[in-house]
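The lines below spell out each chain.
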Amino acid sequence: MAGETAVETPQQDNTKIDEPVKTDKEAIVEEEKAAEQATEEKKDEEKKEEEPKKEAVKPKKPTTHVKEFDEDMVYLFQFTRSPQIPSISPFCLKLESWLKLHAIKYQNIDHKCKFRSRKGMLPFVEINGDEVADSNMIIETLAKKFDKEMPAQLSQDQKNVQHAMIAMVENHLHWTIVHWRSKDVDNTLKGYQLNLQTAIGSKAPASLLNFYFKYTFCRKGLKKVKAHGLGVHTPEEIEQFGKKDLQALSEMLGDKEFFFGDEPAMLDLVVYSHVAQLVMIEKDYPCSLRDYLEADCKNLVGLVNRMKDRCWGDHWANATGEEMDLNPHIPKPEPAPEPEPVEEKKEEEAKKEETTEKEEKKEEEKEKADEKKEEKEKEEDKKEDENKASEEKK
């Protein structure tokens, strides 16, 4: 139009991207999913906070034979006692003697030879819920834990000699002893006066157990000797090997109290625990290695007696003989007085009542008899008086 000025206005971009419109159902589902996610996240956080608490509360499950144990108490699993020697295993005897020598708290478990370590060995120990096997590893572990050392102070050269001699005893002399025991079942049973019924806690006949022992213990022993290498030799040759080992030990000991001086070292403990297996054989039972010791290696017999007295003292007698106490070092509670059986008490009371009744009856009878006598005497007196009176009248 005339007179009007046209004002140019900027053009607006009216092109909009249409967003998809959600239905009510979809919106509700999304809200529920979000709520579930939030609750799950909260649960995960709570679980993470509770897990360390649970781990702290839960005690460690013991995987050992002794479920309830005292702290730092050594529980020893070994062979049962024999009348001749506390253990027919030199390794068990060595370990228990070491425990006694160092006054370490321990307790023998009476398991009747049923248990073995996870390595299939005896002896083994359990301490604070952990198992340790092999006598050398046990001694090494306990020595570190309790800070114990053998009394003898050795130089490095002496330690090297000791290592070589221990290897000779445990890996050579030991197998000559095993061969002697295994070649005849009586060498073990009669030599150490073993009663298999008490040793393994069986009620089977002794003849059956002896047969079983022969075809398990003895056969296994001979197989081990053969696997070691000695078994390929004749019995006479094996015996000669043992005598040479004993002679070498005897010459090394000489006139000394112990191998390295006045105090015992680990070599003394090892030699004593093996040589004692020969020295303690029943005197009337034949054993050529024992006879050789007593004739030509008397200083080794003396070493056995010195170590025995030093480690065991009076406990040796309690652990052998008829008593065969597994834990002679643990004081025994005094036996409680046995309660008298109720039936016996009743019988005694009944007897007492009978006797009292009899006595009362006797007293009554006596009293009656006395009364009758008095009456008779009175009657007699009356008669006499009457007779006298009648005579006087006359």
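This structure is a prediction, so every number in the text was calculated from the model and none was measured. (Residues numbered from 1 in each chain as written. Predicted model: local features only at pLDDT ≥ 70, side-chain atom pairs only at ≥ 80, totals over all residues. Heavy atoms only, no water.)

A. How the structure looks around the overall build of the protein. Counting its regular elements, the protein contains 13 helices and 4 strands. Counting every position in the protein, which comprises 394 residues, the buried fraction comes to 35%. Sequence-distant contacts in the protein: of pairs separated by 6 or more residues, those separated by 24 or more amount to 73%. Summed over its atoms, the accessible surface of the protein is roughly 27300 Å², and 50% of this surface lies on carbon and sulfur atoms. (Helix = DSSP H or I, 4+ residues; strand = E, 2+ residues; numbered from the N terminus. Buried < 20%, exposed > 50% of the residue type's maximum accessible area, 1.4 Å probe, protein only. Contact = heavy atoms within 4.5 Å. Areas by Shrake-Rupley, 256 points an atom, 1.4 Å probe, with all protein chains shown as cover.)

B. Focus on the pattern of salt bridges. Scanning the model with the defined rule gives 14 salt bridges in all. A salt bridge links Lys283 to Glu294, with the shortest nitrogen-to-oxygen separation between them at 3.0 Å. Here the residue Lys283 occupies a position in the loop between α9 (266–279) and α10 (288–296), and Glu294 occupies one in helix α10, the gap between them amounting to 11 residues. Residue classification places Lys283 among the exposed residues on the basis of a relative accessible area of 53%. Overall, the relative accessible area of 34% leaves Glu294 in the partly exposed class. Note that Asp291 and Arg290 form a salt bridge whose closest N and O atoms lie 3.1 Å from each other. On the basis of relative accessible area, Asp291 is assigned to the partly exposed category, the value being 38%. By relative accessible area, Arg290 is classed as buried at 4%. (Salt bridge = Lys/Arg side-chain N within 4 Å of Asp/Glu carboxyl O.)

C. Expanded view of the packing of aromatic side chains. Counted according to the given criterion, the structure contains 6 aromatic pairs. Between Trp180 and Tyr285, the ring centres sit 6.5 Å apart and the planes meet at 75 degrees, which makes this aromatic pair edge-to-face. Of the two residues, Trp180 sits in helix α4 (residues 156–183) while Tyr285 sits in the loop between α9 and α10, which places them 105 residues apart along the sequence. Under the relative-accessibility criterion, Tyr285 is labelled buried at 13%. Centroid distance Phe213 to Phe217: 4.6 Å. Interplanar angle 15 degrees. Geometry classified as stacked. Of this pair, Phe213 and Phe217 both sit in helix α7 (residues 206–228), separated by 4 residues, roughly a single helical turn. Residue classification places Phe217 among the partly exposed positions, given a relative accessible area of 31%. Taken together, the ring pairs connect Phe77, Phe115 and Phe124 into an aromatic cluster. Stacked on the ring of Phe146, the Lys or Arg Lys145 has its end atom at 5.9 Å from the ring centre. (Phe/Tyr/Trp six-rings, centres within 6.5 Å; stacked < 30°, edge-to-face > 60°. Lys NZ or Arg CZ within 6 Å of the ring centre and 35° of its normal.)

D. Examining the pairing of strand β3 (residues 124–127) more closely. The alternating pattern of β3 places Phe124 and Glu126 on one face and Val125 and Ile127 on the opposite face, and all of these are buried. Here strand β1 (residues 74–77) runs beside β3; their pairing, made up of 3 bridges, is antiparallel. Note on β3: the bridge partner recorded for Phe77 is Phe124. Pairing analysis gives 4 bridges linking β3 to strand β4 (residues 130–133), with the strands arranged antiparallel. Residue pairing across strands places Val125 opposite Val132, the latter belonging to β4. A loop of 2 residues connects β3 with β4, the two strands running antiparallel in sequence, and Asn128 in this loop sits at a positive phi of about 55 degrees. (Pairing = 2+ DSSP bridges.)

E. Looking closely at the sheet that holds β3. Read across the sheet, 4 strands follow the order β2-β1-β3-β4 without closing on themselves; strand pairing throughout is mixed. A strand with exactly one partner marks an edge of an open sheet, and here the two such strands are β2 (106–108) and β4. Neighbouring strand axes in the sheet, compared pairwise and without regard to direction, differ in orientation by 25 degrees on average. Inspection of the sheet shows β1 paired to β2 by 3 bridges, in the parallel sense. Within the sheet, the bridge partner assigned to Leu76 lies in β2 and is Asn108. The sheet contacts of helix α2 (residues 90–101) involve β1, β2 and β3, and relative to β2 the element is tilted by about 145 degrees. The strands that helix α3 (residues 135–146) touches are β1, β3 and β4; relative to β4, the one it contacts most, it runs at about 130 degrees. (Axes fitted to C-alpha atoms, helices over the stretch in contact; angles between N-to-C directions.)

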